[in-house]
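Each chain is listed here by its residues.
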Amino acid sequence: MQLPGTDIQIVYDVMLCKGVFENTNTAAEITNRLMEKWGVTVEKLHEQALANTPRLRPLSIKREKYFTTDGLYPGKVYYLTNEKQFEGTAAILYPEARQYLAKEHPDGCCLIARDIHTWIVTDPHVKLDAPEMQLFIKDSERILSREEFLSDRIFWYKDGRFKIATPKSR
């Protein structure tokens, strides 16, 4: 299943055993074959994930102090993830996260999928076409492993909907 309005695929897994060490779990990716065997549809799987994941991996929103000094981000900048900061991009689907974004950014916001663990959330006034912004995204792509890199795009988010952001798309 693809996150509507993005180039990001949603991958589901089942937690088999909660780890005793920080950020460790024994989990298995849910494949089409497993879904067939269990008699579960993608829609039902998505519904169950939305019910369970916020409880298993609670939302975390943290203010980012370091990006605000260069003028790229004239307003609020923060990370949206889960408490473990592990596979936290799923937190964007939590009702609590969507309510927070609607309250804090009624006119919309920009989202950058930093990696599979974290979204960077900015005010809608971020300079999307700034060379520094593009360099930041390309550096993320270069630094991260292929499994952890999500997208080289910036997304515009408003009213629960995503679209790929361009300097003129807002």
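All values reported here derive from a predicted model rather than from experimental measurement.

K.L.:
Whenever I open this one, the pairing of strand E6 (residues 119-122) confuses me. Can you help?
P.N.:
Regular strands show a simple pattern: their side chains alternate between the two faces of the sheet. The two faces of E6 match: Trp119 and Val121 on one face and Ile120 and Thr122 on the other face are all buried. Pairing of strand E4 (residues 77-82) with E6 involves four bridges; the strand directions are antiparallel. Counted as the bridge partner of Leu80 is Trp119 from E6. Where strand E5 (residues 109-113) meets E6, four bridges bridge the pair, whose relative direction is antiparallel. Bridging across to E6, Ala113 finds its partner in Trp119. If you look at the hairpin formed by E5 and E6, you'll find five residues sitting between the two strands.

K.L.:
How do you make sense of the side chain of Asp115 when you look at a structure like this?
P.N.:
Looking at the secondary structure, you find Asp115 in the loop between E5 and E6. Of note is the side chain of Asp115, whose polar atom sits 2.7 Å from the backbone nitrogen of His117.

K.L.:
Hey, could you run me through the nonpolar core in this one?
P.N.:
Nonpolar side chains tend toward joint burial in soluble globular proteins. With 24 residues, the main nonpolar core has Leu3, Leu80, Ile92, Leu101, Leu111, Trp119 and Phe162 as its most contacted residues. Counting residues per element, the ones that place at least two in this core are E4, helix H3 (95-104), E5, E6 and strand E7 (154-158). Top element by residues in this core is E5. It accounts for three residues. Look past the residues within four positions of Leu101 in its chain and what remains in contact with it is Tyr78, Leu80, Ile92, Pro106, Cys109, Val121 and Tyr157. Counting seven residues, the second largest nonpolar core, distinct from the first, contains Cys110, Ile120, Trp156 and Ala165.

K.L.:
Teacher, can you tell me more about the state of the cysteines here?
P.N.:
Every disulfide links exactly two cysteines, by a covalent bond between their sulfur atoms. This model, assessed by the stated rule, comprises zero disulfides. A disulfide-free cysteine, Cys109 has its sulfur positioned 7.1 Å from the sulfur of Cys110, the nearest such atom. A relative accessible area of 1% places Cys109 in the buried class. You can call Cys110 buried: its relative accessible area is 1%.

K.L.:
In this structure, what is going on with the pairing of strand E8 (residues 161-164)? I would like to understand it.
P.N.:
Here E7 pairs with E8 via four bridges, running antiparallel. Its bridge partner lying in E8, Trp156 is registered against Lys163. Hairpin connection of E7 to E8: two residues between the antiparallel strands, including Asp159 at a positive phi of 55 degrees.

K.L.:
What am I meant to see in helix H2 (residues 42-56) here?
P.N.:
For H2, built from 15 residues, the straight-helix expectation of 21 Å at 1.5 Å per residue is met to within 8% by its first-to-last C-alpha distance of 20 Å. At Leu50, H2 shows its maximal bend, which comes to roughly 25 degrees, and the proline Pro54 appears one to four places after that position.

K.L.:
Help me out: how do you make sense of the packing of aromatic side chains in this one?
P.N.:
For any two aromatic rings, the description comes down to two numbers: the centre-to-centre distance and the angle of the planes. Following the criterion strictly, the structure yields four aromatic pairs and no others. With a centroid separation of 6.3 Å and an interplanar angle of 75 degrees, the aromatic rings of Trp119 and Phe155 are classed as edge-to-face. Taken together, the residues Trp119 in strand E6 and Phe155 in strand E7 connect sequence positions 36 residues apart. In textbook terms, an aromatic cluster arises when at least three aromatic residues are bridged by ring pairs, as seen for Trp119, Phe155, Tyr157 and Phe162.

The rules behind these values
- Residues numbered from 1 in each chain as written.
- Predicted model: local features only at pLDDT ≥ 70, side-chain atom pairs only at ≥ 80, totals over all residues.
- Heavy atoms only, no water.
- Buried < 20%, exposed > 50% of the residue type's maximum accessible area, 1.4 Å probe, protein only.
- Helix = DSSP H or I, 4+ residues; strand = E, 2+ residues; numbered from the N terminus.
- Pairing = 2+ DSSP bridges.
- Polar contact = N/O pair within 3.5 Å; in protein donor to acceptor, adjacent residues only side chain to side chain.
- Core = buried A, V, L, I, M, F, W, Y, C linked by side-chain atoms within 4.5 Å.
- Contact = heavy atoms within 4.5 Å.
- Disulfide = S-S within 2.5 Å.
- Expected span 1.5 Å × (residues − 1).
- Bend = angle between axes of the 7 residues up to and from the residue.
- Phe/Tyr/Trp six-rings, centres within 6.5 Å; stacked < 30°, edge-to-face > 60°.

This is a description of form; function is not addressed.
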